[in-house]
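# Results of the structural survey
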Amino acid sequence: MHIPASLEREWSGDAEWLAALPRLVAECAEQWTLDLEDPFDAPRALVVPAGDSVLKLNAPSHLEADHEATALARWAGDGAVRLLARDDGRRAFLIERCRPGTRLGELPVDRAPVVAELLPRLWVDPGPNHSFRLIADEAERWSCDVQSAYERAGRPFEQSLVLQALDVFATCDRSAGMLVNQDLHDENVLAAEREPFLVIDPKPAIGEREVSAVGLLRNAARRGGTPEVRRWLSVLEELGLDPDRLRGWGVAHTLAWGHDHEGRWSRWAVAAARAIAAA
């Protein structure tokens, strides 16, 4: 099994897992009787097509993906790819394959109506005794992490963005109980046959519905700056989301995911936070 170089770079700190991947893949192929093809060049997980299904394995330290299979099971194919099988011990699962599988962001279509149709279908009750992380708990951690990374990096951008993020974290609605996807954007929506488009690669948690739009706002900022963010805010407001909370979570979540463990900041993430804050 060929391991993509981008995956090896991304998870170089998980050397034991990388070394075990060929064995894990072989065991999954035998367990689920898979005829494996060449893996996709994906840096965040090992993704291997196999006929009408796709095998995916997540690294042990990829904590945001811990409950990916559980979210797919909860959605049961309604707007997202179907979960076909899972092996939590190997951090592996099998999903339906989207054909043709073209990413929404690569198609000459207006992305907004597609997302506006899919997004509300993913707002579901997580069910009793769920195992998903709470955004409120994550917010407490993010508040410390963002402040620490900002100070360690020598306050490399305007403090007003950090203060806005801290306010959002501090006012997180702990009573919000919706299943949300922290990584929904047009690169994680694929053209399919069972439905015109299906969501892949969720990063699930429980919290305010506005959190499910953070990826959309980040990509809007990256592609078209503040004007594009404003367009998406208008689309999302029509779905019943609060525009002020959307902006706030857009800035806060972008900063939360915008630095590495050494405190180095992504320049594009900071630029995206600026564009969202100005929208």
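Let me sum up the structure you'll find in this document. (Residues numbered from 1 in each chain as written. Predicted model: local features only at pLDDT ≥ 70, side-chain atom pairs only at ≥ 80, totals over all residues. Heavy atoms only, no water.)

### A closer look at the overall build of the protein
Keep this limit in mind: In DSSP terms, a helix is any run of H or I states spanning at least four residues, a strand is any run of E spanning at least two, and both are numbered starting from the N terminus. In this treatment the radius of gyration is a C-alpha quantity, and the globule benchmark scales as 2.2 Å times the residue count to the 0.38 power. Whether two residues touch is decided by their heavy atoms; if any such pair falls within 4.5 Å, the residues are in contact. Here the accessible surface of atoms and residues is derived via Shrake-Rupley with a 1.4 Å probe, and residues count as covered only by protein chains that are part of the display. His is not counted, nor are the chain ends, whereas Lys and Arg count as positive and Asp and Glu as negative. Each charge is placed at NZ for Lys, CZ for Arg, CG for Asp and CD for Glu.
Across its full length, the protein holds nine helices and eight strands. Its C-alpha radius of gyration of 19 Å places the protein within 12% of the 19 Å reference for a compact globule of 279 residues. Taking contacts inside the protein between residues at least 6 apart in sequence as the whole, the part at least 24 apart equals 72%. If you sum the accessible surface of the protein, you get close to 12,600 Å²; carbon and sulfur atoms cover 49% of it. Of the side-chain charges in the protein, 32 are positive and 45 negative, and the distance between the mean point of each set is 3 Å.

### Some words on the packing of helix 6 (residues 159–170) against helix 8 (residues 243–256)
This is how it is decided: Interaxial angles span 0 to 180 degrees and are taken between N-to-C directions of axes, which are lines fitted to C-alpha atoms, for helices over the stretch in contact. Orientation is classified from the angle alone, with under 35 degrees giving roughly parallel, over 145 giving roughly antiparallel, 65 to 115 giving roughly perpendicular, and any other angle giving oblique.
Axis separation between helix 6 and helix 8 bottoms out at 8 Å; the angle between their running directions is 110 degrees. In terms of orientation, helix 6 lies roughly perpendicular with respect to helix 8. Taken together, the residues of helix 8 that come into contact with helix 6 (itself represented by Leu-161, Val-162, Gln-164, Ala-165, Val-168 and Phe-169) are Arg-245, Arg-247, Gly-248, Trp-249, Val-251, Ala-252, Leu-255 and Ala-256.

### So, unusual backbone geometry
Residue Pro-100 is reached from Arg-99 by a cis peptide bond, and omega for that bond is 5 degrees. Mapped onto the fold, Pro-100 is located in the loop between strand 4 (92–96) and helix 4 (111–118). Even without being glycine, Thr-33 reaches a positive phi, approximately 55 degrees. Summarising the element assignment, Thr-33 is placed in the loop between helix 2 (15–32) and strand 1 (46–50). If you check the backbone angles, Asp-201 has positive phi at about 55 degrees while not being a glycine. Mapping Asp-201 onto the fold places it in the loop between strand 7 (197–199) and strand 8 (204–207).

### Quick word on the side chain of Gln-182
We apply this condition: The term polar contact refers here to a pair of N or O atoms within 3.5 Å; inside protein, the definition further demands a hydrogen-donor-capable atom paired with an acceptor-capable atom, and it admits residues adjacent in sequence only when both atoms are side-chain atoms.
Within the secondary structure layout, Gln-182 lies in the loop between strand 5 (178–181) and strand 6 (189–191). Polar side-chain contacts of Gln-182 include one of 2.9 Å to the side chain of His-253. Among all residues touching Gln-182, those that are not within four sequence positions of it are Ile-135, Trp-142, Lys-203, Pro-204, Ala-205, Val-211, Val-214, Gly-215, Arg-218, His-253 and Trp-257.

### Thoughts on the environment of Ala-153
Test applied: With a 1.4 Å probe rolled over the protein chains alone, any residue whose accessible area is under 20% of its type maximum counts as buried; one over 50% counts as exposed, and the rest are partly exposed.
Looking at the element boundaries, Ala-153 is found in the loop between helix 5 (135–152) and helix 6. According to the relative accessible area criterion, Ala-153 is partly exposed, its value standing at 35%. Once residues within four sequence positions are removed from consideration, Ala-153 is found in contact with Gly-263 and Trp-265.

### Observations concerning the packing of aromatic side chains
Rules: Pairing of aromatic rings covers Phe, Tyr and Trp, the last counted by its six-membered ring, and requires centre-to-centre distances within 6.5 Å; plane angles under 30 degrees mean stacked, over 60 mean edge-to-face, and any other angle means tilted. Lysine NZ or arginine CZ positioned within 6 Å of the ring centre and within 35 degrees of the ring normal marks a charge as sitting over the ring.
Tallied over the entire structure, the rule returns four aromatic pairs. On the numbers, 6.0 Å between centres and 50 degrees between planes, the contact of Trp-142 with Phe-169 is tilted. Of this pair, Trp-142 sits in helix 5 while Phe-169 sits in helix 6; the two residues are 27 residues apart in sequence, bridging distant segments of the chain. Taken individually, Trp-142 and Phe-169 each receive the classification buried, so the pair is uniform in this respect. Among the aromatic residues, ring-to-ring pairing joins Trp-142, Phe-169 and Trp-249 into one connected group. Taking NZ or CZ as reference, Arg-222 lies 4.1 Å from the ring centre of Trp-268, over its face.

### Digging into the packing of helix 7 (residues 214–237) against helix 8
To keep things clear, this is the line we draw: Should the near helix be turned counterclockwise from the far one by less than a right angle, the crossing is left-handed, whereas a clockwise turn marks it as right-handed. Three classes are used: nonpolar for Ala, Val, Leu, Ile, Met, Phe, Trp, Tyr, Cys and Pro, charged for Asp, Glu, Lys and Arg, and polar for all others, with Gly counted as polar.
The interhelical angle for the contact between helix 7 and helix 8, taken along N-to-C directions, is 155 degrees, at an axis separation of 9 Å. When the axes of helix 7 and helix 8 are compared, the pair comes out roughly antiparallel. Handedness of the helix 7/helix 8 crossing: right-handed. The residues of helix 8 that touch helix 7, namely those facing Val-214, Leu-217, Arg-218, Leu-233, Leu-236 and Glu-237, are Pro-243, Leu-246, Arg-247, Trp-249, Gly-250, His-253 and Thr-254. Classifying every residue of the contact of helix 7 with helix 8 by side-chain character gives seven nonpolar, three polar and three charged.

### Observations regarding the nonpolar core
Stated formally: The criterion is simple. A nonpolar core is a set of buried Ala, Val, Leu, Ile, Met, Phe, Trp, Tyr and Cys residues joined through side-chain atoms within 4.5 Å.
Grouped together as the largest cluster of nonpolar side chains are 76 residues, with contacts concentrated most on Phe-169, Trp-249 and Leu-255. The element contributing the most residues to this core is helix 7, with 10 residues. Non-local contacts of Leu-255, meaning those with residues more than four positions away in its chain, are made with Val-146, Phe-157, Leu-161, Val-162, Ala-165, Trp-265 and Ala-273. Core analysis: the second largest hydrophobic core is formed by 22 residues, Val-25, Ala-59, Ala-85 and Leu-94 among them.

### Examining helix 9 (residues 267–277)
Taken together, the buried positions of helix 9 are Ala-269, Val-270, Ala-272, Ala-273, Ala-275 and Ile-276. Buried residues in helix 9 make contact with helix 6, helix 7 and helix 8.

### Concerning the pattern of salt bridges
Where charged atoms from two side chains of opposite charge approach closely, those side chains can pair. Definition in use: By definition, a salt bridge exists where a carboxyl oxygen of Asp or Glu is found within 4 Å of a side-chain nitrogen of Lys or Arg.
This model, assessed by the stated rule, comprises 32 salt bridges. One salt bridge in this structure joins Asp-201 and Lys-56, with 2.7 Å as the shortest N-O distance. Of the two residues, Asp-201 is situated in the loop between strand 7 and strand 8 and Lys-56 in strand 2 (residues 53–57); the sequence distance between them amounts to 145 residues. Note on accessibility: Asp-201 and Lys-56 belong to one class, buried. The salt bridge involving Glu-195 is made with Arg-121; its shortest N-O contact spans 2.8 Å. With a gap of 74 residues between them, Glu-195 in the loop between strand 6 and strand 7 and Arg-121 in the loop between helix 4 and helix 5 connect regions that are remote in the sequence. Through salt bridges with shared partners, one network takes in Asp-78, Glu-96, Glu-117, Arg-121, Arg-194 and Glu-195.

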